[in-house]
Amino acid sequence: MLIFVADADVSWEFSDLIEAIYSAPTYHLVFEGCLILFIVGLLFQHSFLPSKRRGGSGDRLSKAEEDQLIAEWQPEPLVSGDPADEALLASYQRCATSQVGRSVTYSDGRTLVNFATGNFLDFIGEARIRDRALASLRHYGVGSCGPRGFYGTMDVHLHLEEQLAKFYGCEEAVLYSYGFSTIASAIPSYAKRHDIIFADERCCFAIQQGLEASRSKIIRFAHNDTAHLEELLQRQAEHDRRDPKKARVTRKFIVVEGLYVNCGDICPLGELVKLKYKYKVRLFVEESASLGTLGATRARHLRGGRRQRAGRGSDSGWNRECSGPLRGFVVGTKYVVDHQRLSGLGYCFSASLPPMLAAAASEALTMVDEMRGERTARLKSVSDRLHQRLLAELDNLWSVEGAPMSPIKHLRLHRCTGENSLPALEAACAAAADAGLLLTVARYVAQDLGQPAQPSIRLSVNCNHSDSEIGSLLDFLKSYATGLAKKCFQQLNISRKVRPWII
Amino acid sequence: MADNDHSEEPTPYIEAIVTYISYVLLAVFGHIRDFLRNKGFEANMIATEPDRTKSFVPLYQNFESFFTRNLYRRIRDCWNRPITTCPGAEFEVMDRDSPDYGWTFRYPGSTTRAVNFGSYNYLGFAESSGYCADAAVAATEMYGCGVGSSRTEVGSLNIHTQLERAMAEYLGTEDAIVFPMGFATNALNMAALVGKGCCILSDELNHSSLVLGSRLTGATIKIFKHNNPADLEAKLREAIVYGQARTRRPFTKILIVPDAPQVEGVYSMEGSIVRLPEIIALKKRYQAYLYLDEAHSIGALGTSGRGVVDYYGCDPRDVDVLMGTFTKSFGGAGGYIAGSSRLVRHVRQSSHSAIYGASMPAPVAAQILTALNILLGRAGPPDEGKRRLRQLSVNAQYMRARLHQLGLIVYGDRDSPVVPFMIFMPGKVAAFARLSLAHGLGIVVVGYPATPIIEARARICLSAAHSLDMIDRSVQVIDKLSRLLRIRYSRRQPPDWTRDRTRAWAEAQLAEFSRPLAPTHVASSANGVALIGA
């Protein structure tokens, strides 16, 4: 800093330097001295750490003060004193003593016809699947005792993955050991903090969790409304045009469900695929409930539609329609799917699927292939018939939500039967048990954004439900709701006598 | 329990430098190969974006695929080795060969028999015959193998209730609830306990399920140093005194999530045991709550196998939330949460997993229930549970002592059945993995990114199913390999306790259970049926 007189033709030597100091004006030396002091001061200053500087330097509390604060601190109890939801807790006590197939036996000896679990293709209790599972159990034992990377991969897992990929006509499949975690870890393994996800507002909770874990920007579009989605995509494209640098590194995804568990609707896949290519957005389809149930047309969609991948989550996927063993998987192109083997949290860090369940799933898949959609077609016709009858016979008593061919339907009490509340529906389910039918209300946690506004009874159709079983379901629904309507009417009459201006 | 030395031997400088140089070399060669691939001199075997999505924003980072392509691919055969048998004391590993240096595998159909040091089969309950398997068969015949509904809808089976009751009794808590996947037990249930406005103090080496679970709660997450109560106390004080960032409101509750007793996390396999008594004291002093993940310790530690709480002789009521998995010691799958009946009732009402996820498959529940009954002394030959616990503890100490004596750098606590020893250099990691399998040992190796870059290691998981002879044979192989690969890095004397852990000592410890050490093949299937019906 001292050598700032730069005369190019003068060669400086050390003695000249000393000389220069002597000859420099005093004000200059003082200035240089100040600069040196300032640098030394900087060197000795405490490093700037925001954590050590809360609210300025004089704000640091003494130990005594800290102790005082700690003594004063009153935490809330770990478990807040929320009131016990007896009806919900009772479901833990109502235990089946048989398999939860088309009919279920309970510990009190009653056997009920099952309209509550997603056993769509009636694979639960299928002897062929059970035998395969037992054979596998006798060979491998129950647990796999390790994650896939560390000797937790059995030959059955490899076989099943190959079979799944072939079934979907995709390059590769990845198995997860729990359905819920499949989609919840598949989404965050691709979507990161600065990415954008367009999600249907009625997506199930597992998807919501995946969205949250990804920390991406979430844009929700109106349920099954491709026009709204396109509008949002256009708006985003507009943004991208303005900021192309950012757009080059921002991944965009659409997340939808194949068959919405929360409302029984089917997603308009064809249009979504068109939008996907038009706006260069990657598409996730969660097919827990639609796999195998939407059959031929669907399979064509899937194969011809060339979607990027289907994230398939939720035990429901297979639990519901097949034997219950396969918990979750993702299929797609090798480029996409292979990535999860190193970065899907639920894949890398979780013990692999118990081999007997993998073997059972593989058998179920073989059966689906062999039947060539026979059960799927039957399921569709049973669902459709049930839907028509529900509409025709229970028009003023119950409202039905869901596509006609969907095996999942949501039932709600009509206005004239009184309020459609969770306790009222729970009471209806209890009464159904007396009539020999197993029904369940759809349960949600309070934070679930995708839940329907109104509580409902979720009906699940089994392809082997007979006409008489459906008849008895309809009879029950009709007589129960008529009873309610009568009661409601009487109450209304009483109140009319007292306060005639109400009506 | 004394003799627990908590200081690990640090990586020697020379080895650390050589390790860094190895990675730099790998990266340099990787770039050269990438260059050749891009210019078309070398065939490109990478799975690339299909043509129809070429114009999309790339799905993952360039570095990630660089790592996969150039580092991981070279040694891909050291992981994901498929097996064709039950993961018991020994297993058959499927042979693979790769015609194209790791891009794809071919399976000629032959297998290699190896001693299983890879699976978490601590108590040896991974069996395809015997009491547990018989019970699982009976349960499959009774309940089928899937349920298809959640516990809160109509998915509860009788056997779930029995299992929950047995688990609570085993742990000494008021109640328990079980879930079908261990990972999900953490990832989906923490949100039921803490939320916005709360604080989670999490160990820096926590398992990714805990990290994900914490992230999903929406609470403030603070990280403390691995197994370091002093740092935890400092962070606790700070959390209470300064409260939430920006709003400055005090936290409503603070949850301490110490490291799982033997980590198997992002930084896998430390083999150290959480310092529970000190953490319980802190928790009491500062009125925080404690969430203890016993994924690896339940069944594996303590005189009666009740995990780390039992190991230190603590009161289970001092731990607010006891969590653990059934994959490891019980040979099943899934996890549990146990604690006061109020806590469990709350979890039942608000757990995401119990409301949306399917319930536990019956055969899995039967396997765990039977294993528990054996440990509680209600099933199987008399003292079978005790024998397994003793065998595991003797195996663990004997193996650890022998490895120390070989001069390897061994991590972790004396009693832990997870025994990691250091290899450091990526080339040696691959060589060790391949050679050990060729010599009939199934040992897991781990390197970057699962460990810090200079702490690549091999890990041995001991099981009660291993016999002393198996261990002796394996130690001979490791002796030979460690000399060949020059991985005897330790510059310390073996710890004092290793001196008397001889074969004679091990035999004396096991003399009480004079029965042969074979697994329980004797059980009849009638017993299994009776257990389920009970």
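All of these numbers come straight from a predicted model, not from anything done at the bench.

Peer 1: Lay out the overall build of chain A in plain terms, naming residues and giving numbers.
Peer 2: Secondary structure summary: chain A contains 20 helices and 13 strands in total. Residues classed as buried in chain A amount to 54% of the 503 residues present. Of the roughly 22,300 Å² of accessible surface on chain A, a fraction of 57% belongs to carbon and sulfur atoms.

Peer 1: Run through the sheet that holds strand β2 (residues 111–116) of chain B, naming residues and quoting values.
Peer 2: All names here are of chain B. Taking strand neighbours across the sheet as the criterion, the three strands line up as β1-β2-β11 in an open arrangement whose pairing is mixed. Each edge of the open sheet carries a strand with a single partner, namely β1 (90–94) and β11 (441–442). By the bridge criterion, two bridges tie β2 to β11 in an arrangement that is parallel. Residue pairing for β11: V115 is matched across the bridge by L441.

Peer 1: I'd like to hear about the interface of chain B and chain A, residue by residue, with values.
Peer 2: Taken together, the contact pairs 121 residues of chain B with 115 residues of chain A. Both sides of the chain B and chain A interface together cover about 10,600 Å² of buried area, and 61% of this is carbon and sulfur. Three residues, B:L59, B:E153 and B:Y356, lead the burial of chain B against chain A; their summed loss comes to 8% of the area buried on that side. Between A:E66 and B:R237 there is a salt bridge whose closest N-O contact spans 3.3 Å. Joining chain B to chain A, the criterion identifies 33 residue pairs in polar contact (both at pLDDT 80 or more). Its residues assigned to classes, the side of chain B that touches chain A comprises 62 nonpolar, 39 polar and 20 charged.

Peer 1: Tell me about a nonpolar patch on the surface, and please be specific about residues and values.
Peer 2: There is a patch of nonpolar side chains on the surface, built from B:Y13, B:I17, B:I21, B:V24, B:L25, B:V28, B:F29 and B:I32 and spanning about 810 Å² of accessible area. Tracing the chain through its elements places B:F29 in helix α1 (residues 13–39).

Peer 1: Account for the packing of helix α8 (residues 179–190) of chain A against helix α15 (residues 334–343) of chain A, with residues named and values stated.
Peer 2: Residues and elements named next belong to chain A. At a minimum axis distance of 10 Å, the contact between α8 and α15 shows a crossing angle of 100°. What the angle tells us is that α8 and α15 run roughly perpendicular. Here A186, S189 and Y190 of α8 lie close against α15, whose contacting residues are V336, V337, H339, Q340 and S343.

Peer 1: Which residues make up the side chain of B:N116, and what are the values?
Peer 2: Residue and element names in this part refer to chain B. Here N116 is to be found in strand β2. With a relative accessible area of 2%, N116 lands in the buried category. A distance of 3.0 Å separates a polar side-chain atom of N116 from the backbone oxygen of G88. There is a polar contact of 2.9 Å between the side chain of N116 and the backbone nitrogen of G118. If we ignore the near neighbours within four places in the chain, the residues touching N116 are P87, G88, A89, E90, F91, G442, C461 and H466.

Peer 1: An account of the sheet that holds strand β10 (residues 398–401) of chain A is needed here, citing residue identities and associated values.
Peer 2: Residues and elements named next belong to chain A. Pairing within the open sheet is antiparallel, and its three strands lie in the order β10-β11-β13. This sheet does not close on itself; its edge strands, each paired only once, are β10 and β13 (457–460). The average angle at which neighbouring strand axes cross in this sheet is 30°, direction not considered. Of the pairings in the sheet, the one linking β10 to strand β11 (residues 408–413) comprises four bridges and is antiparallel in character. Each residue of the ladder has a partner; that of E401, found in β11, is H410. Packing against the sheet, helix α18 (residues 374–393) makes contact with β10, β11 and β13, and its axis sits at approximately 15° to β11. With respect to the sheet, helix α19 (residues 422–434) is in contact with β10, β11 and β13, its orientation differing from that of β13 by roughly 40°.

Peer 1: So what's going on with the UniProt feature "transmembrane region" (unreviewed entry) in chain B? Residues and values would help.
Peer 2: Using the residue numbers shown here, the UniProt feature "transmembrane region" (unreviewed entry) corresponds to residues 12–32 of chain B. Spanning residues 12–32 of chain B, this segment combines 95% helix with 0% strand, and its end C-alpha atoms are found 31 Å apart.

Peer 1: So what's going on with unusual backbone geometry? Residues and values would help.
Peer 2: One non-glycine residue with positive phi stands out, namely A:D122, at about 55°. Checked against the element boundaries, A:D122 lands in the loop between β2 (111–114) and α5 (127–140). Residue A:D122 is classed as buried on the basis of its relative accessible area of 12%. At B:Y101, a residue that is not glycine, the phi angle is positive and equals roughly 60°. With respect to the element layout, B:Y101 can be found in the loop between β1 and β2. On the accessibility criterion, B:Y101 (69% relative accessible area) is exposed.

What counts, and where the lines are drawn
Residues numbered from 1 in each chain as written. Chains lettered and ligands numbered in written order. Predicted model: local features only at pLDDT ≥ 70, side-chain atom pairs only at ≥ 80, totals over all residues. Heavy atoms only, no water. Helix = DSSP H or I, 4+ residues; strand = E, 2+ residues; numbered from the N terminus. Buried < 20%, exposed > 50% of the residue type's maximum accessible area, 1.4 Å probe, protein only. Areas by Shrake-Rupley, 256 points an atom, 1.4 Å probe, with all protein chains shown as cover. Pairing = 2+ DSSP bridges. Contact = heavy atoms within 4.5 Å. Buried area = accessible area lost by both parts, 1.4 Å probe. Salt bridge = Lys/Arg side-chain N within 4 Å of Asp/Glu carboxyl O. Polar contact = N/O pair within 3.5 Å; in protein donor to acceptor, adjacent residues only side chain to side chain. Nonpolar A, V, L, I, M, F, W, Y, C, P; charged D, E, K, R; others polar. Patch = residues over 30% accessible without salt bridge, like charges linked within 9 Å, V, L, I, M, F, W, Y side chains within 5 Å. Axes fitted to C-alpha atoms, helices over the stretch in contact; angles between N-to-C directions. Parallel < 35°, antiparallel > 145°, perpendicular 65-115°, else oblique. UniProt positions renumbered as here; feature names shortened; annotations may be inferred.

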